[in-house]
There are 2 protein chains.
Amino acid sequence: MSLRHAVLGLLADRSGSGYDLLRTFQSSLANVWPATQSQLYTELNRLADAGLVAVTAEGPRGRKEYAITDAGRTELHHWLLEVEPERQRRSESLLRVFFLDQVTPEQGRTYLEREGRAAAAAHQGMRELAERIDADPDPLAVYGRLALEWGLRFTRMQQEWAQWAAEQITERGPQPQVRPPGH
Amino acid sequence: MSLRHAVLGLLADRSGSGYDLLRTFQSSLANVWPATQSQLYTELNRLADAGLVAVTAEGPRGRKEYAITDAGRTELHHWLLEVEPERQRRSESLLRVFFLDQVTPEQGRTYLEREGRAAAAAHQGMRELAERIDADPDPLAVYGRLALEWGLRFTRMQQEWAQWAAEQITERGPQPQVRPPGH
DNA sequence: TCACGACATGTCAAGGCTGGAATGTTAGGA
DNA sequence: TCCTAACATTCCAGCCTTGACATGTCGTGA
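Computed from a prediction, not measured in an experiment: that's the story for all the values here. (Residues numbered from 1 in each chain as written. Chains lettered and ligands numbered in written order. Predicted model: local features only at pLDDT ≥ 70, side-chain atom pairs only at ≥ 80, totals over all residues. Heavy atoms only, no water.)

A. Just the overall build of chain A, in detail. Secondary structure summary: chain A contains seven helices and two strands in total. Traced from its N-terminal end to its C-terminal end, chain A shows the element sequence α-α-α-β-β-α-α-α-α. In terms of C-alpha radius of gyration, chain A reaches 22 Å, well past the compact-globule figure of 16 Å for 183 residues. Principal-axis analysis of the C-alpha atoms gives chain A an extent of 65 × 45 × 35 Å. Accessible surface for chain A amounts to roughly 9300 Å². Of this, 51% is attributable to carbon and sulfur atoms. Charged side chains in chain A number 22 positive and 25 negative. The centres of these two groups are separated by 3 Å. (Helix = DSSP H or I, 4+ residues; strand = E, 2+ residues; numbered from the N terminus. Rg over C-alpha atoms; globule rule 2.2 N^0.38 Å. Areas by Shrake-Rupley, 256 points an atom, 1.4 Å probe, with all protein chains shown as cover. Lys, Arg positive; Asp, Glu negative; His and termini not counted. Charge placed at Lys NZ, Arg CZ, Asp CG, Glu CD.)

Structure, rendered in structure tokens:
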């Protein structure tokens, strides 16, 4: 759905080939909208068919440089400002929490502690990235920095929540929550 | 992918028909793993084929009551404890933030303020739900309450971040970030 | 008794995503 | 000069998701 707009947004900043875009997706955009190689090339062809981007140059190795068109820019603005974002989220981690009554409290606590550690590790990685960015600010990445800050706050929240949730289980003490296989 | 485990988890708590499950999906589970009717019925048939659930009774109106099997319970436990959760998330809201340099600072601020209000509203809704639950605790929903707390913390974080981000734009002052259509 | 809302399931087309395979070119270092 | 890593694109099968359509039953209140 939004892959189309992600590509448009990238090409609005600067023109590039599918290969160029792919690297951007794998680095900065990977955390908010992952995309695979085949997805990207497919989408570029679709966008070109729709007239939202155009091939402006062909380079060696069959390289095609894409640029956004006026129609593409219009579509991008429309999406940014007038289309209500899809805020619904799917979270496999959280889905599991609903079913934690299927395992022992110890196992549940172990799961939450693992989630907490994963969040802490992600947070640490982002902190290092943030320090690098703040030390050498890239004026083009002002808004990327806002997104990164979101990530920092999110992972911190996640970590604190996991710790709190694990404590909840401990405090309530083991309850008869397990149904062994076989009814 | 995980719809299968969501269904197993629900049936592990209590048996029920597709229709029963559908209502659970639309109420409590909707926030972490939305599913449509056709998806659900398809998945139930697949699970039955795989022997992870079984029809234990047939009622009026063609109602089929499904129950989890031992194999299903084993699979659920395996998934809960031994399969690394998919933590990567897609966020359309955040994707837009990356491209906010395509609009004027005023428009960017407006977008962030709208996001902040949406988060605040979601937070309020969850707070009311939490109050109702805490006033009349359902022992079966202990873990659901943990998930709800996650939602409360998430929406609060989201709201605070949006406010902070909007201020960032204000403080930096309008910068030459707009590229008008037509290069 | 009869209409209607809730109960209940099934099917399908269209489209998107995943992961992999296939194919070939080019620049640069050993 | 030759090899290799990086550059660069295309295609595809299989799967999941979405959204709609189709079909029918049962209980209850007017």
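B. Region of the structure containing the protein's contact with DNA strand C. Around DNA strand C sit 21 residues in total, of which A:Q39, B:Y19, B:Q37, B:Y41 and B:K64 are the nearest. One nitrogen or oxygen atom from the side chain of B:Q37 is found 2.7 Å from a base oxygen belonging to DNA strand C. Within the contact set of DNA strand C, a phosphate oxygen lies 2.4 Å away from a side-chain nitrogen or oxygen of B:K64. Sorting the residues of the surface near DNA strand C by element identifies α3 (37-49) of chain A together with α2 (18-26) and α3 (37-49) of chain B as the ones contributing at least two each. Along the lines of polarity and charge, the residues of the surface near DNA strand C split into four nonpolar, 10 polar and seven charged. (Near = heavy atom within 4 Å. Polar contact = N/O pair within 3.5 Å; in protein donor to acceptor, adjacent residues only side chain to side chain. Nonpolar A, V, L, I, M, F, W, Y, C, P; charged D, E, K, R; others polar.)

C. Here's a closer look at the interface of chain A and chain B. Listed per partner, the contact involves 73 residues of chain A and 75 residues of chain B. Here chain A packs against chain B, burying approximately 8000 Å² in sum over the two surfaces, 63% of which is carbon and sulfur. Together, A:R89, A:Y143 and A:W150 form the three largest contributors to the area buried by chain A at its contact with chain B, with a combined 11%. Our count for the contact surface shared by chain A and chain B stands at four salt bridges. Across the contact surface, chain A and chain B share 24 residue pairs in polar contact (both at pLDDT 80 or more). Among the elements that make up the side of chain A that touches chain B, the one with the highest residue count is helix α7 (residues 142-172) of chain A (18 residues). The class makeup of the residues in the side of chain A that touches chain B is 38 nonpolar, 17 polar and 18 charged. (Contact = heavy atoms within 4.5 Å. Buried area = accessible area lost by both parts, 1.4 Å probe. Salt bridge = Lys/Arg side-chain N within 4 Å of Asp/Glu carboxyl O.)

D. Fine view of the pattern of salt bridges. According to the stated counting rule, one finds 24 salt bridges over all chains in the structure shown. A salt bridge links A:R4 to A:E43; the nearest nitrogen and oxygen atoms lie 3.5 Å apart. Here A:R4, found in helix α1 (residues 3-13), pairs with A:E43, found in helix α3; they are 39 residues apart in sequence, far enough to count as distant. A residue is classified by how much of its surface remains accessible, and A:R4, at 24% relative accessible area, is partly exposed. A:E43 gets classed as buried once you look at its relative accessible area, which sits at 5%. Taking the shortest distance from any N to any O, the salt bridge between B:E149 and B:R145 comes out at 3.5 Å. Placement of both B:E149 and B:R145 in helix α7 (residues 142-172) is noted, with a separation of four residues, approximately one turn of the helix. On the basis of relative accessibility, which here comes to 12%, the residue B:E149 falls in the buried class. Each of the salt bridges in this network shares a partner with another, and the network as a whole consists of A:D20, A:R23, A:R63 and A:E65. (Buried < 20%, exposed > 50% of the residue type's maximum accessible area, 1.4 Å probe, protein only.)

E. Up close: helix α1 (residues 3-13) of chain B. α1(B) sits mainly inside the fold: nine of its 11 residues count as buried. On its buried face, α1(B) is in contact with α5 (92-98) of chain A together with α2, α3, β1 (53-58), β2 (64-68) and α4 (70-82) of chain B.

F. Up close: the confidence of the model for chain A. Confidence along chain A averages 88 in pLDDT terms, with 92% of residues attaining 70 or more. Per-element averaging of pLDDT across chain A places helix α2 (residues 18-26) of chain A at the bottom with 89 and strand β2 (residues 64-68) of chain A at the top with 94. (pLDDT = per-residue confidence, 0-100.)

G. Molecular detail of the pairing of β1(B). Residues and elements named next belong to chain B. Relative to β2, β1 is paired through five bridges, and the arrangement is antiparallel. Opposite A54, over in β2, you have A67 as the bridge partner. Adjacent in sequence and paired antiparallel, β1 and β2 are bridged by five residues, among which R61 carries a positive phi angle near 60°. (Pairing = 2+ DSSP bridges.)

H. The arrangement of the relation of the copies chain A and chain B in detail. Structural alignment of chain A on chain B gives an RMSD of 0.1 Å, achieved by rotating through 180° and translating 0.0 Å along the axis. Look at the turn and shift together and you get a two-fold axis relating the two. Of all interface residues in chain A, 100% are interface residues in chain B too; the two copies therefore contact each other through one and the same surface. (Least-squares fit on C-alpha atoms with pLDDT ≥ 70 in both.)

I. Structural context of the nonpolar core. Core analysis: the largest hydrophobic core is formed by 90 residues, its most contacted members being A:L112, A:W161, B:L112 and B:W161. Not counting the four nearest positions on each side in its chain, B:W161 is found in contact with A:L146, A:E149, A:W150, A:R153, B:L94, B:V97 and B:L112. (Core = buried A, V, L, I, M, F, W, Y, C linked by side-chain atoms within 4.5 Å.)

J. Spotlight on the protein's contact with DNA strand D. With respect to spatial proximity, 21 residues lie near DNA strand D, and among them A:Y41, A:K64, B:S38, B:Q39 and B:R61 are the closest. Sugar plus phosphate: this is where 66% of the atoms of DNA strand D within 4 Å of the protein reside. Here a phosphate oxygen of DNA strand D sits 3.5 Å away from a polar atom, N or O, in the side chain of A:R23. Within the side chain of B:Q39, one N or O atom sits 2.8 Å away from a phosphate oxygen of DNA strand D. Broken down by secondary-structure element, the contributors of at least two residues to the surface near DNA strand D are α2 and α3 of chain A together with α3 of chain B. Residue composition of the surface near DNA strand D, by class: four nonpolar, 10 polar and seven charged.

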